[in-house]
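Here's the letter readout for the chains.
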Amino acid sequence: VPEGDTAADEHDAQHLYRLLESEIVPLYYERGEDGVPVGWVTRMLHAIAEAGRSFTSRQMMQRYVHHYYVPCIQATANRTKKERRAPGMVP
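Residue indices begin from 1 for each chain and proceed along its sequence in written order. For a predicted model such as this one, the threshold for reporting local features is a pLDDT of at least 70, and the threshold for listing and counting side-chain atom pairs is 80 or more; totals across whole chains, interfaces and linings nevertheless cover every residue. In computing side-chain values, all of the structure's heavy atoms are included and hydrogens and water are not.

Looking at this structure, how should I read the overall build of the protein?
The number of helices and strands found in the protein is three helices and zero strands. Secondary structure elements are defined from DSSP: runs of H or I of at least 4 residues count as helices, runs of E of at least 2 residues count as strands, and each element is numbered from the N terminus. Helices and strands appear in the protein in the N-to-C order α-α-α. Out of the 91 residues belonging to the protein, those deemed buried represent 2%. Roughly 8200 Å² of accessible area belongs to the protein as shown, and the carbon and sulfur atoms make up 60% of that amount. Only protein chains enter the accessibility calculation, which uses a 1.4 Å probe; a residue whose area is less than 20% of its type maximum is buried, one above 50% is exposed, and one in between is partly exposed. Accessible surface is estimated by sampling points in the Shrake-Rupley manner with a 1.4 Å probe; for residues, cover comes only from the protein chains shown.

So what exactly am I meant to see when it comes to the pattern of salt bridges here?
What makes a salt bridge here is a side-chain nitrogen of Lys or Arg within 4 Å of a carboxyl oxygen of Asp or Glu, nothing more. In this structure the tally under the stated criterion is one salt bridge. Ionic pairing is found between Glu 23 and Arg 43, a salt bridge with its closest N-O pair at 3.2 Å. Remark: Arg 43 occurs in helix α2 (residues 38-54) and Glu 23 occurs in helix α1 (residues 6-29); sequence separation between them is 20 residues. Looking at Glu 23, the relative accessible area reads 35%, which means it is partly exposed. By relative accessible area, which is 34% here, Arg 43 ends up partly exposed.

I tried to follow a negative patch on the surface on my own but got confused; where do I start?
Here, patches come from residues exposed beyond 30% relative accessible area and free of salt bridges, joined within 9 Å for like charges and within 5 Å for nonpolar side chains (Val, Leu, Ile, Met, Phe, Trp, Tyr). Only four residue types enter the charge count: Lys and Arg as positive, Asp and Glu as negative, with His and the chain ends excluded. For the purpose of locating charges, the reference atoms are NZ of Lys, CZ of Arg, CG of Asp and CD of Glu. Together, Asp 5, Asp 9, Glu 10 and Asp 12 line one region of the surface with negative charge. Within the secondary structure, Asp 5 is located in the segment before α1. By relative accessible area, Asp 5 is classed as partly exposed at 34%.

Whenever I open this one, the confidence of the model for the protein confuses me. Can you help?
Caution is warranted with low-pLDDT regions, since their predicted coordinates should not be read in detail. Of the residues in the protein, 89% have a pLDDT of 70 or more, and the chain-wide mean is 86. pLDDT expresses how confident the predictor is about each individual residue, on a scale running from 0 to 100. When pLDDT is averaged over each helix and strand of the protein, the minimum, 86, is found for helix α3 (residues 57-85) and the maximum, 94, for α1.

Please explain the packing of α1 against α2 as it appears in this structure.
In a pair of packed helices, the angle between the axes and the distance between the axes together describe the arrangement. Here α1 crosses α2 at 110 degrees, and the two axes come no closer than 5 Å. One way to sum up the angle between α1 and α2 is to call them roughly perpendicular. Of the residues in α2, those touching α1 at Leu 19, Glu 23, Ile 24, Leu 27 and Tyr 28 are Gly 39, Trp 40 and Arg 43. Grouping the amino acids of the contact of α1 with α2 by side-chain chemistry returns five nonpolar, one polar and two charged. Orientation is described by axes fitted as lines to C-alpha atoms, over the contacting stretch for helices, and by angles from 0 to 180 degrees between their N-to-C directions. Reported orientations rely on four angle classes, namely roughly parallel under 35 degrees, roughly antiparallel over 145, roughly perpendicular from 65 to 115, and oblique for the rest. Contacts between residues were defined by any pair of non-hydrogen atoms, one from each residue, lying within 4.5 Å. Think of it as three bins: nonpolar holds Ala, Val, Leu, Ile, Met, Phe, Trp, Tyr, Cys and Pro, charged holds Asp, Glu, Lys and Arg, and polar takes everything else, Gly as well.

Where do I start with the packing of aromatic side chains in this structure?
Think of a pair of aromatic rings as described by two things: how far the centres are apart, and how the planes are tilted against each other in angle. Stacked, tilted and edge-to-face pairs are distinguished by plane angle, under 30 degrees for stacked and over 60 for edge-to-face with tilted covering the rest, among Phe, Tyr and Trp rings (Trp via its six-membered ring) whose centres lie within 6.5 Å. Overall, the coordinates contain four aromatic pairs when judged by the stated rule. Each ring, one from Tyr 28 and one from Tyr 29, has its centre 5.1 Å from the other, and the planes form 90 degrees; the classification is edge-to-face. Since its relative accessible area comes to 35%, Tyr 28 is described here as partly exposed. Both rings, one in Tyr 64 and one in Tyr 69, keep their centres 5.2 Å apart while their planes meet at 90 degrees; by these two values the pair is edge-to-face. Three or more aromatic residues joined by ring pairs make a cluster, and in this case those are Tyr 28, Tyr 29 and Trp 40. Ring-over charges, as used throughout, are those where CZ of Arg or NZ of Lys falls within 6 Å of the ring centre and within 35 degrees of the ring normal. For the cation-ring pair, Arg 31 lies above Tyr 28, with the distance from its terminal atom to the ring centre recorded as 4.8 Å.

Written out as structure tokens, the structure is:
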């Protein structure tokens with residue numbers, strides 16, 4: 001963590017803990033007669049819907065291909081070209 005960010009990190013951590021203690025954890029333990037934590041399920045479904053707008057499996061795969069597969073393939077191709085050009089090697 002870069003210096004100077006520790007105060008912001010502490011603030012964020014405290015906010016997260018307060019949110020968990022006052023809202024999230026109670027929702028999980030507040031269950032209806034059927035034993036289902038309706039508030040928790042509602043919040044969870046909302047979170048999944050919100051996250052789905054920003055993070056899809058298609059986007060994840062595109063990022064993975066672009067950031068990992070393509071550079072690896074390019075590096076392998078470059079290395080192979082260099083090896084073929086090495087002295088004493090037959091092209």
